[in-house]
Amino acid sequence: MLIDHERNQFYEKIIRDNCKEKIVLEIGAGSGLMSVLAIRHGAKHVYCCEANSLLAAAAEQLIIRMGLKDQITIFKSFSTDIPTEAIPKVDIVLHELFASDPFAEDVIHSLRDAKRFMKPDAIFVPEGIQITYQSVRARGLRQDLKYAGIELTEMTQLLGKVHPALRNNQNPGVPNKTYFLPKVTMESLVKNSYDYLEKNPELVGVDAIELTYLIYDQDTQMQAAPFGLLSENRHWSTLFFYKTNLQTDQMQFSLDNELKLVVN
């Protein structure tokens, strides 16, 4: 995560754009980097929380070493366990509770609970996400399987069917078309969760999609993971979902207990 420079630059920009003269609550402080950046870019005070004891200790040491103990208050717990009265009302809830599946780190539950710490006009930073996907149209693997002169044709065919991530889906000189679902704010997710029916005629005949998402704040955005092979030094990777009915032009995007993206 910490060597994903695109991620770090994105977060520094949106911190710089939003946090000056603000009281900030950071949920999931990790190393403490984002809290330090918030103070560097003019935040009045940062309250941050980290439930992992090892990470919390490292973040605390960073805060002390940077001479910011009076400007950053760290809670070594989940944000959901912090008493409401322990934190004054904040202007900004800063969060990086994303995984390759944008919902897998309990972001909706955590931000919904964080509303009790927020002023009436407080905002979430970043502002929201936008799911994006590409069709997986290829059927064959990137290379045929063989060893010692033995052609593993049956396994090559089987894996081509059941593992879309292993397919050679890149046509030289012909980039795959990327499709975008509507943007959704974190405020909307907190209130309404997530459920969207995608209708796309180009899904007919497709048996799988490759999926990632954009994280955005106002006009600034970042794609969580590049399509194709896993990119070096990126924190997230794309996900693959099957489309069981090849003849339909629809896919339903919803959540399982608000913790897992489900595509049917």
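Provided above is the structure to which this section pertains.
Analysis parameters
Residues numbered from 1 in each chain as written. Predicted model: local features only at pLDDT ≥ 70, side-chain atom pairs only at ≥ 80, totals over all residues. Heavy atoms only, no water. Buried < 20%, exposed > 50% of the residue type's maximum accessible area, 1.4 Å probe, protein only. Core = buried A, V, L, I, M, F, W, Y, C linked by side-chain atoms within 4.5 Å. Helix = DSSP H or I, 4+ residues; strand = E, 2+ residues; numbered from the N terminus. Contact = heavy atoms within 4.5 Å. 1 Å grid on protein atoms, 1.4 Å probe; cavity = no way out; pocket = protein on both sides within 12 Å on 5 of 7 lines; lining within 4 Å. Points joined across faces, edges and corners; volume = space filled by probe spheres on them. Nonpolar A, V, L, I, M, F, W, Y, C, P; charged D, E, K, R; others polar. Pairing = 2+ DSSP bridges. Axes fitted to C-alpha atoms, helices over the stretch in contact; angles between N-to-C directions.

Draft legend 1. Focus on unusual backbone geometry. A cis geometry characterises the amide bond from Val125 onward to Pro126, with omega recorded as 5°. Residues other than glycine seldom take positive phi values, yet Glu21 does so here, at roughly 60°. For Asp106, which is not glycine, the phi torsion reads 65° and is therefore positive. Here Asp106 falls in the partly exposed class, since its relative accessible area comes to 27%.

Draft legend 2. Looking closely at the nonpolar core. If you look at the biggest cluster of nonpolar residues, it comprises 70 residues, and the most contacted ones within it are Phe103 and Phe253. Ranked by the residues each element gives to this core, the list is headed by helix H2 (residues 33–40), at five residues. Contact partners of Phe103, with chain neighbours within four places excluded, come to Ile108, Ile129, Ile131, Leu189, Tyr194, Leu255, Glu258, Leu259, Lys260 and Leu261.

Draft legend 3. Fine view of the layout of surface pockets. Of the pockets and cavities examined, the largest pocket occupies roughly 600 Å³. Lining the largest pocket are 27 residues; nearest its centre among them are Gly28, Ala29, Glu50, Glu96 and Leu97. Of all the secondary-structure elements, those providing two or more residues to the lining of the largest pocket are strand E1 (23–27) and H2. Across the lining of the largest pocket, the residue classes break down as twelve nonpolar, nine polar and six charged.

Draft legend 4. Focus on the sheet that holds strand E15 (residues 250–256). Pairing in this open sheet of three strands is antiparallel, and the strands run E11-E15-E16 from one edge to the other. Only two strands of the sheet have a single partner each, and these edge strands are strand E11 (195–199) and strand E16 (260–263). Averaged over all pairs of adjacent strands, the angle between strand axes in this sheet comes to 20°, irrespective of strand direction.

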